[in-house]
Amino acid sequence: MKTKSLNDRVLGCLLVGLSACATVPKESVQLSQELTGMIRSAEAAHLALLDQYIGQRRERLSEFMQRVWIPKFMENAVKDAKLMGLVNTAKDNKEKEAILEEFQEDASVQIDKRRATLLDAIFEIENTLRESISSHYNEMLTVNQALTSHLQSVAAVTETQEKLMNALRIDPKKLL
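Per chain, residues are indexed from 1 in the order of the written sequence. The predicted origin of the model limits local features to residues at a pLDDT of at least 70 and limits the giving and counting of side-chain atom pairs to 80 or more, whereas totals for whole chains, interfaces and linings rest on all residues. Side-chain metrics rest on all non-hydrogen atoms present in the structure, leaving aside hydrogens and water.

**Q** Honestly, the overall build of the protein in this entry has me stumped. Any pointers?
**A** From N to C terminus, the protein includes five helices and zero strands. In sequence order, the secondary structure elements of the protein are arranged as α-α-α-α-α. Accessible area is worked out with a 1.4 Å probe on protein chains only. A residue is then buried under 20% of its type maximum, exposed over 50%, and partly exposed in between. Residues counted as buried form 22% of the 176 residues belonging to the protein. Note on definitions: a residue-residue contact is assigned when non-hydrogen atoms from the two residues lie within 4.5 Å. A fraction of 87% describes how many contacts in the protein between residues 6 or more apart in sequence connect residues 24 or more apart. Note on areas: these come from Shrake-Rupley sampling with a 1.4 Å probe, and a residue is covered only by the protein chains present in the view. Within the structure as shown, the protein displays about 13,100 Å² of accessible surface, and the carbon and sulfur contribution to it stands at 57%. Helix and strand labels come from DSSP, where a helix needs a run of H or I of at least four residues and a strand needs a run of E of at least two; each type is numbered from the N terminus.

As C-alpha cells, this is what we get:
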C-alpha cells in the first residue's frame, strides 16, 4: 500500500508542477510571426522613405549646382583667368576660339569634380543611413525570432500538458 501511495504522490506532484507552468496559447505564436511580417514591412517603408529623401537631396544638389555654384564659379574663373583680356589680345578668331575652348574644358573639369565630390558625400550619407536602418531592423527581427521560438516551445509544452491532463482525466483546477 505504501508504494501506491508514493506513486500517487509523485504523480500528483508532477501534475501540479505541470499545471503550474506558464501556458501560452498557440495564437500568441501566430501574433509573433505576424509581427515579423510587420517589421519587414516597416523596414521596406523606411528604406523607401530613405530612397525618396536621397533622391530629393540629389535633385537639390543639381539645382544648387545649376543656379548658384556654376554661375558663381564661372564668374570667378573668368575674373581669375583674365579671360576677356586673353580673348581681346588674341590675333584672330581661331586663337580666340582656342582660348575659349580651353577655358571651357578646364571649367567643365572643375565643375565635374565639384559635382562628384558633393554626390559622393550624399552617397556616403545614404550608405551610412541604409546600413543603420538595416542593422536596426535586423536586430528587431532577431529578437522577435527568438521570442517566436520561445513562444513555440512554451505553446508545445502547453499543448502536451493539456493532452496529458485530458488523457488522465484530471482537472488541473481541482489539483490546485
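**Q** Just to check I follow, could you spell out the pattern of salt bridges for this structure?
**A** Any two side chains of opposite charge can pair, given that their charged atoms come close. A side-chain nitrogen of Lys or Arg and a carboxyl oxygen of Asp or Glu constitute a salt bridge if their distance falls within 4 Å. What the rule picks out here adds up to six salt bridges. The partner of Asp 51 in a salt bridge is Arg 130, and the shortest N-O contact between them spans 2.3 Å. Taken together, the residues Asp 51 in helix H2 (residues 26-81) and Arg 130 in helix H4 (residues 93-168) connect sequence positions 79 residues apart. According to the relative accessible area criterion, Asp 51 is partly exposed, its value standing at 40%. We note a salt bridge from Arg 58 to Glu 126, for which the minimum N-O separation is 2.9 Å. Remark: Glu 126 occurs in helix H4 and Arg 58 occurs in helix H2; sequence separation between them is 68 residues.

**Q** Sorry if this is basic, but what is going on with H4 here?
**A** In an α-helix there are 3.6 residues to a turn, and that puts residues three or four apart on one side. Compared with an ideal rise of 1.5 Å per residue, which puts 76 residues at 112 Å, H4 spans 109 Å between its outermost C-alpha atoms and is within 8% of the ideal. Where H4 begins, the capping side chain belongs to Asp 92, and its oxygen is found 3.3 Å from the backbone nitrogen of Lys 94. Remark: Arg 169 follows H4 within two positions and exhibits a positive phi of approximately 55°. Working rule for helices: expected span equals 1.5 Å times residues minus one. Here a polar contact is recorded for every N or O atom pair within 3.5 Å, except that within protein the pair must consist of a potential hydrogen donor and a potential acceptor, and residues adjacent in sequence are included only if both atoms are side-chain atoms.

**Q** I keep staring at the side chain of Thr 148 and nothing clicks. Help me out?
**A** Of note, Thr 148 is situated in helix H4. Its relative accessible area of 7% is what places Thr 148 among the buried residues. Apart from residues lying up to four places away in sequence, Thr 148 is in contact with Val 29, Ser 32 and Gln 33.

**Q** Just checking my understanding: could you explain H2 for this structure?
**A** Between the first and last C-alpha of H2 there are 78 Å, a value that for 56 residues agrees with the 82 Å anticipated at 1.5 Å per step. The largest bend in H2 amounts to roughly 45° and is located at Met 65. Trailing H2 by a residue or two, Lys 82 shows a phi angle of about 50°, which is positive. Two axes define the bend at a residue: one fitted to the seven residues ending there, one fitted to the seven starting there, and the bend is the angle between them.

**Q** Hey, could you run me through the confidence of the model for the protein in this one?
**A** For any part of a model where pLDDT is low, the fine detail of the predicted coordinates should not be relied upon. Averaged over the protein, the pLDDT score is 85; the fraction of residues at 70 or greater is 84%. Here pLDDT means the predictor's own confidence in every residue, given as a number from 0 to 100. Within the protein, the element-level pLDDT minimum falls on helix H1 (residues 2-20), averaging 51, and the maximum on H2, averaging 94.

**Q** Please explain a negative patch on the surface as it appears in this structure.
**A** Judged by side-chain charge, Asp 92, Glu 95, Glu 97, Glu 101, Glu 102, Glu 105 and Asp 106 come together as a negatively charged surface patch. Along the chain, the position of Glu 101 falls in helix H4. The partly exposed category is assigned to Glu 101, whose relative accessible area is 47%. Only residues above 30% relative accessible area that lack a salt bridge enter a patch, with like-charged residues linked at up to 9 Å and the nonpolar side chains Val, Leu, Ile, Met, Phe, Trp and Tyr linked at up to 5 Å. Charged-residue counts in this description rest on Lys and Arg as positive and Asp and Glu as negative, His and the chain ends being excluded. Charge coordinates come from a single atom per side chain, which is NZ of Lys, CZ of Arg, CG of Asp or CD of Glu.

**Q** Honestly, the packing of aromatic side chains in this entry has me stumped. Any pointers?
**A** Two aromatic rings, taken as a pair, are described by how far apart their centres are and by the angle between their planes. In this scheme Phe, Tyr and Trp rings, the latter by its six-membered ring, pair at centre separations within 6.5 Å, and the angle between planes marks the pair as stacked below 30 degrees, edge-to-face above 60, and tilted otherwise. In total, this model carries one aromatic pair according to the counting rule given. Seen in terms of ring centroids, Trp 69 and Phe 73 are 5.0 Å apart; in terms of plane orientation they differ by 10°. Their pairing is stacked. Taken together, the residues span about one helical turn, with Trp 69 and Phe 73 both in helix H2 at a distance of four residues. The class for Phe 73 is buried, based on a relative accessible area of 19%.

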